[in-house]
Amino acid sequence: MHTNTATSCAPFESARRWRQIAMYVYSAVVIGIAAFSATSANAAQSDANELPEQKTAVLFGAKIRYYDIGSGPVIVLVHGLGSSAKGDWGRVMLPLAQTHRILALDQLGFGNSDKPQIDFGIQTWVDFLGEFLRQNRISDFTLVGESLGGWISAQYTIQALQGVAAGPSLALPKPSRLVLSDSAGLYATMKRQFTASAPGKKTEVSASLAGEKKLLASIFHASSYQTDQALRGGLEWSLSKGDAWTISSIRNPALLNETVDDKLGAITIPTLVIWGRYDALLPLKDGRYFASRIPGAELKIIPDSGHAPMIETPDAFLSVLQPFLQ
């Protein structure tokens with residue numbers, strides 16, 4: 001593992017337990033990520049206004065909306081929970097498209113893609129990503145995932161490199177490089193995120209301005225994300241985007257069985273781990289763990305960023321990503 005600073009489940013035991021978990025996830029993590037999507041949409045408005053119209057792919061009968069921008073070596077961008085391609089990547093897609101072909105999906109259940117009422121798992125999104133790449137005949141690409149998208153990307157890469165597939169024609173196209181930014185997917189952190197608050201402990205109502213304020217603070221480092229305008233935007237976004245079912249469906253008891261701690265050694269392609277130094281949602285120690293367990297992985301720390309450096313500090317994010325792509 002090389003570390004640099006950039007300036008350079010087990011199943012749960014009862015139905016009651018899972019109701020507690022679902023409530024906590026929705027209130028303490030999910031709405032917060034939805035809120036950062038809202039704020040990112042505001043922050044990236046000028047960039048996003050220049051993005052082309054999304055295209056449509058039909059995968060397993062579901063409509064998936066995506067961006068296809070630029071030409072050259074392919075980069076596939078996978079967004080995080082409660083977000084979208086524009087929400088996570090709106091500030092970096094066009095700069096990357098100057099030298100690469102960018103494919104950025106609104107994942108099933110999010111953004112402008114279909115939102116079926118199913119029990120989602122990491123494998124759901126892995127399967128959809130594989131079908132999307134097969135349909136587009138993509139065979140040589142860099143896979144970049146953020147937060148939940150990092151978990152999906154790590155799991156996808158492990159299965160692709162190991163040849164795990166549901167059938168002979170369903171092999172996952174193998175990425176040539178992997179980038180994990182503030183990635184979810186480690187068992188201890190996910191279990192802690194899914195644990196209900198202690199009885200009697202005061203918590204903010206998630207769908208409220210006070211809830212948005214607390215949660216935006218856990219996502220972003222800069223104080224500018226705590227303005228009244230940011231709070232209004234976060235609450236408006238979370239009430240309007242229509243992905244509550246997708247978000248709440250992660251109470252699936254199989255989810256912790258899909259964590260990747262003990263499988264990271266199977267990732268044998270060049271890997272870059274990017275982490276915001278002040279990530280208060282997924283701690284920097286998780287980034288160090290990913291980089292230490294993936295052979296040859298390099299860790300780059302973004303000094304003035306929280307959980308979403310591609311949104312909060314896009315120039316710094318690009319400064320560590322672009323050299324890795326060359």
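Residues numbered from 1 in each chain as written. Predicted model: local features only at pLDDT ≥ 70, side-chain atom pairs only at ≥ 80, totals over all residues. Heavy atoms only, no water.

Engineer: Hey, could you run me through the pattern of salt bridges in this one?
Structural biologist: A side chain of one charge can pair with a side chain of the opposite charge when the charged atoms of the two come close. Applying the stated rule across the entire model yields five salt bridges. When the shortest N-O distance is used, the salt bridge between Asp68 and Arg101 registers 2.8 Å. Taken together, the residues Asp68 in strand β3 (residues 62–69) and Arg101 in strand β5 (residues 101–105) connect sequence positions 33 residues apart. The class of Arg101 is partly exposed, set by a relative accessible area of 21%. Where Lys300 meets Glu298, a salt bridge forms, and the shortest distance between an N and an O atom there is 3.6 Å. On the accessibility criterion, Glu298 (25% relative accessible area) is partly exposed. (Salt bridge = Lys/Arg side-chain N within 4 Å of Asp/Glu carboxyl O. Helix = DSSP H or I, 4+ residues; strand = E, 2+ residues; numbered from the N terminus. Buried < 20%, exposed > 50% of the residue type's maximum accessible area, 1.4 Å probe, protein only.)

Engineer: How should the packing of aromatic side chains be read in this particular structure?
Structural biologist: Any aromatic ring pair is given by two values, namely how distant the centres are and how the planes are angled relative to each other. Scanning the entire structure with this criterion turns up seven aromatic pairs. Ring geometry for Phe60 versus Phe128: centroids 5.1 Å apart, planes at 75 degrees, classification edge-to-face. Taken together, the residues Phe60 in the loop between β2 (55–59) and β3 and Phe128 in helix α5 (residues 122–135) connect sequence positions 68 residues apart. Judged by its relative accessible area of 13%, Phe128 falls in the buried class. Ring centres 6.3 Å apart and planes at 45 degrees place the aromatic pair Trp89 and Phe317 in the tilted group. With a gap of 228 residues between them, Trp89 in helix α3 (residues 85–89) and Phe317 in helix α13 (residues 314–325) connect regions that are remote in the sequence. Comparing Trp89 with Phe317 shows no difference in burial state: the two are buried. Three or more aromatic residues joined by ring pairs form one cluster here, namely Phe110, Phe120 and Trp125. (Phe/Tyr/Trp six-rings, centres within 6.5 Å; stacked < 30°, edge-to-face > 60°.)

Engineer: Just checking my understanding: could you explain the nonpolar core for this structure?
Structural biologist: A general tendency of soluble globular proteins is for nonpolar side chains to be buried together. If you look at the biggest cluster of nonpolar residues, it comprises 88 residues, and the most contacted ones within it are Val76, Met93, Tyr156 and Phe290. Among residues more than four places away in sequence, those in contact with Tyr156 are Val126, Leu129, Gly130, Leu133, Phe141, Leu143, Leu172, Pro173 and Pro175. (Core = buried A, V, L, I, M, F, W, Y, C linked by side-chain atoms within 4.5 Å. Contact = heavy atoms within 4.5 Å.)

Engineer: Honestly, the pairing of β3 in this entry has me stumped. Any pointers?
Structural biologist: On a regular strand, each side chain points to the face opposite its neighbour's, so the side chains alternate between the two faces of the sheet. Taking burial as the measure, the eight residues of β3 include six buried ones, the bulk of the element. Taken together, the five bridges between β2 and β3 define a ladder with antiparallel strand orientation. Following the sheet pairing, Lys55 is matched in β3 by Tyr66. Between β2 and the antiparallel strand that follows it, β3, lie two residues; Phe60 among them carries a positive phi value of about 50 degrees. (Pairing = 2+ DSSP bridges.)

Engineer: Before we go on, may I ask you to explain helix α11 (residues 284–293) in this structure?
Structural biologist: Side chains three or four residues apart in an α-helix point the same way, a direct result of the helix having 3.6 residues per turn. Every buried residue of α11 is listed here: Leu284, Asp286, Gly287, Phe290 and Ala291. Buried positions in α11, seen along its axis, are confined to an arc of 155 degrees and lie on one side of it. (Arc of directions from axis to C-beta.)

Engineer: What's the story with the packing of α5 against helix α6 (residues 148–162) in this structure? I'm lost.
Structural biologist: Between two packed helices, what matters for the description is the angle formed by their axes and the separation of those axes. Where α5 meets α6, the axes come as close as 9 Å, and the angle between the chain directions of the two elements is 65 degrees. On the basis of the axis angle, α5 is roughly perpendicular to α6. Of the two elements, α5 crosses α6, and the hand of that crossing is right-handed. Judged by residue contacts, Ile122, Gln123, Trp125, Val126, Leu129, Gly130 and Leu133 of α5 engage Leu148, Trp151, Ile152, Gln155, Tyr156 and Gln159 from α6. The residue makeup of the contact of α5 with α6, split by class, is nine nonpolar, four polar and no charged. (Axes fitted to C-alpha atoms, helices over the stretch in contact; angles between N-to-C directions. Parallel < 35°, antiparallel > 145°, perpendicular 65-115°, else oblique. Left-handed = near helix turned anticlockwise from the far one by under 90°. Nonpolar A, V, L, I, M, F, W, Y, C, P; charged D, E, K, R; others polar.)

Engineer: Teacher, can you tell me more about α5 here?
Structural biologist: Along its 14 residues, α5 runs 20 Å from first to last C-alpha, staying within 8% of the 20 Å computed at 1.5 Å per residue. Counting buried positions along α5 yields 10 of 14 residues, so the element is predominantly enclosed. Here α5 has its buried residues at Ile122, Thr124, Trp125, Val126, Phe128, Leu129, Gly130, Glu131, Phe132 and Leu133. Arg137 lies just past α5 and shows a positive phi near 55 degrees. (Expected span 1.5 Å × (residues − 1).)

Engineer: Teacher, can you tell me more about the confidence of the model for the chain here?
Structural biologist: Reading fine detail from the predicted coordinates is not recommended where pLDDT is low. The share of residues in the chain with pLDDT of 70 or more is 75%, and the mean pLDDT across the chain is 83. Of the regions scoring below 50 in pLDDT, residues 5–46 engages in 99 contacts with residues more than four places distant in sequence or in other chains. (pLDDT = per-residue confidence, 0-100.)

Engineer: Even after reading the chapter, I still don't get unusual backbone geometry, so can you show me in this structure?
Structural biologist: Excluding glycine, a negative phi dihedral is what most residues carry, and trans is how most peptide bonds are arranged. In the Ramachandran plot, Arg137 falls in the positive-phi region, its phi being about 55 degrees despite a non-glycine side chain. Examined against the element boundaries, Arg137 turns out to sit in the loop between α5 and β6 (141–146). Backbone geometry at Ser147 places phi at a positive 55 degrees, although glycine is not the residue there. According to the relative accessible area criterion, Ser147 is buried, its value standing at 3%.

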